[in-house]
Amino acid sequence: MRLERPPALEPEESESARPAGLNHVAIVVRDLDEAVAFYEELLGLPCDGRERVESEKVDVAFFGTGRGRIELVCPLTDDSGVARFLAKRGEGLHHICLDVPDIEAALAALAARGLPLLDAKPRAGAGRSRVAFLPPKGAHGVLIELRQGPAAAAPSHDEPT
Ligand code: CO
């Protein structure tokens, strides 16, 4: 049975809840040093920075600045969602990340339409962002990260503007 399509975003919601564009594409890897070396030395893309994201139990590395970055994600333990994904599906595309101006507004708009959410509330992401994920099942097979960057008053070197 096909579910009835939820109502589309209203114009007044779209201001704050509608994604502003692609922030990054994330690829899960088994060995971060090896993967970073591949991107840097063989593809010639300089690594823009590495970070440990405790909330996800992963180390990440970013390539590029601004929109359309690449994030490499490597699990630190065997018991995280990313580790289970890697064990089940191997290396490859893990998620896409969309910038939203107001992550609470975006989550509220999705929840109001009955769309499945992995995070009802935002949590800490890389680069002092706040993030929340939508499960692949409700999103045409792709894990989607919504991301609100830190306030402009406190920029960081890896923060796209
Ligand atoms: Co990400």
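For the structure, see preceding data.
Residues numbered from 1 in each chain as written. Predicted model: local features only at pLDDT ≥ 70, side-chain atom pairs only at ≥ 80, totals over all residues. Heavy atoms only, no water.

Visitor: Hey, could you run me through the side chain of N23 in this one?
Guide: Secondary-structure assignment places N23 in strand 1 (residues 21-28). Assessed through its relative accessible area of 0%, N23 is described here as buried. (Helix = DSSP H or I, 4+ residues; strand = E, 2+ residues; numbered from the N terminus. Buried < 20%, exposed > 50% of the residue type's maximum accessible area, 1.4 Å probe, protein only.)

Visitor: Please clarify how the coordination of the cobalt ion should be interpreted in this entry.
Guide: Tetrahedral coordination by four donors puts the ideal angle at the metal at 109.5 degrees, and octahedral coordination by six puts it at 90 or 180 degrees. Binding of the cobalt ion to the protein goes through H24 (NE2), E71 (OE), H95 (NE2) and E145 (OE), at separations of 2.1 to 2.2 Å. Classification of the site at the cobalt ion as irregular follows from its four donor atoms and the range of 81 to 170 degrees in their angles at the metal. We note that the donor set of the cobalt ion lies within a single chain, spaced as H-x46-E-x23-H-x49-E. Of this pair, H24 sits in strand 1 while H95 sits in strand 5 (residues 92-99), placing them 71 residues apart in sequence. We note that H24, like H95, is buried. (Donors = N, O, S within 2.8 Å, 3.2 Å for Na, K, Ca; no water. Tetrahedral: all angles 85-135°; square planar, octahedral: opposite > 155°, others 65-115°.)

Visitor: Please clarify how the environment of V28 should be interpreted in this entry.
Guide: Take V28: it is sitting in strand 1. When the C-alpha positions of V28 and K137 are compared, they lie 19 Å apart, and in sequence the two are 109 residues distant. What V28 contacts, discounting residues up to four positions off in sequence, is V73, P75, V82, F85, L86, G90, E91, G92 and H94. (Contact = heavy atoms within 4.5 Å.)

Visitor: Where do I start with helix 2 (residues 32-42) in this structure?
Guide: In an α-helix, one full turn covers 3.6 residues, which means residues spaced three or four apart are oriented alike. By the burial criterion, the buried members of helix 2 are L32, A35, V36 and Y39. Seen end-on, helix 2 carries its buried residues on one side only, within an arc spanning 100 degrees. In helix 2, the exposed positions angled more than 90 degrees off the buried face are occupied by D33, E34, E41 and L42. Residues of helix 2 that are buried sit in contact with strand 1, strand 2 (47-53), strand 3 (58-63) and strand 4 (69-75). (Arc of directions from axis to C-beta.)

Visitor: What is the right way to read unusual backbone geometry from this model?
Guide: Glycine aside, residues mostly have negative phi, and peptide bonds are mostly found in the trans state. A positive phi angle, close to 60 degrees, is found at R128, a residue other than glycine. When its relative accessible area of 44% is taken as the criterion, R128 is described as partly exposed. With a phi angle near 55 degrees, H140 is a residue other than glycine that sits in the positive phi range. Residue placement: H140 occurs in the loop between strand 7 (130-134) and strand 8 (143-148). Overall, H140 belongs to the exposed group, its relative accessible area being 82%.

Visitor: Looking at this structure, I do not really get the pattern of salt bridges. What am I missing?
Guide: Should the charged atoms of two oppositely charged side chains come close, the side chains can pair. In this structure the tally under the stated criterion is eight salt bridges. Among the salt bridges present, the one from R147 reaches D99, with a minimum N-O distance of 3.2 Å. Here D99 lies in strand 5 and R147 lies in strand 8, a separation of 48 residues in the sequence. With respect to burial, R147 and D99 carry one shared label: buried. D119 serves as the salt-bridge partner of R123, at 2.7 Å between the closest nitrogen and oxygen. The network of salt bridges with common partners includes E56, D119 and R123. (Salt bridge = Lys/Arg side-chain N within 4 Å of Asp/Glu carboxyl O.)

Visitor: Hey, could you run me through the packing of aromatic side chains in this one?
Guide: Applying the stated criterion across every chain yields a total of two aromatic pairs. Consider the rings of F38 and Y39, whose centres lie 5.4 Å apart with planes at 85 degrees: the pair is edge-to-face. When the centroid spacing of 5.2 Å and the interplanar angle of 35 degrees are considered together, the rings of Y39 and F63 count as tilted. You can see Y39 sitting in helix 2 and its partner F63 sitting in strand 3, a full 24 residues away along the chain. Given a relative accessible area of 14%, Y39 falls into the buried group. For F63, a relative accessible area of 2% gives the class buried. One aromatic cluster in this structure is built from F38, Y39 and F63. When the ring centre of F62 is taken as reference, the NZ or CZ atom of R69 above it lies at 4.1 Å. (Phe/Tyr/Trp six-rings, centres within 6.5 Å; stacked < 30°, edge-to-face > 60°. Lys NZ or Arg CZ within 6 Å of the ring centre and 35° of its normal.)

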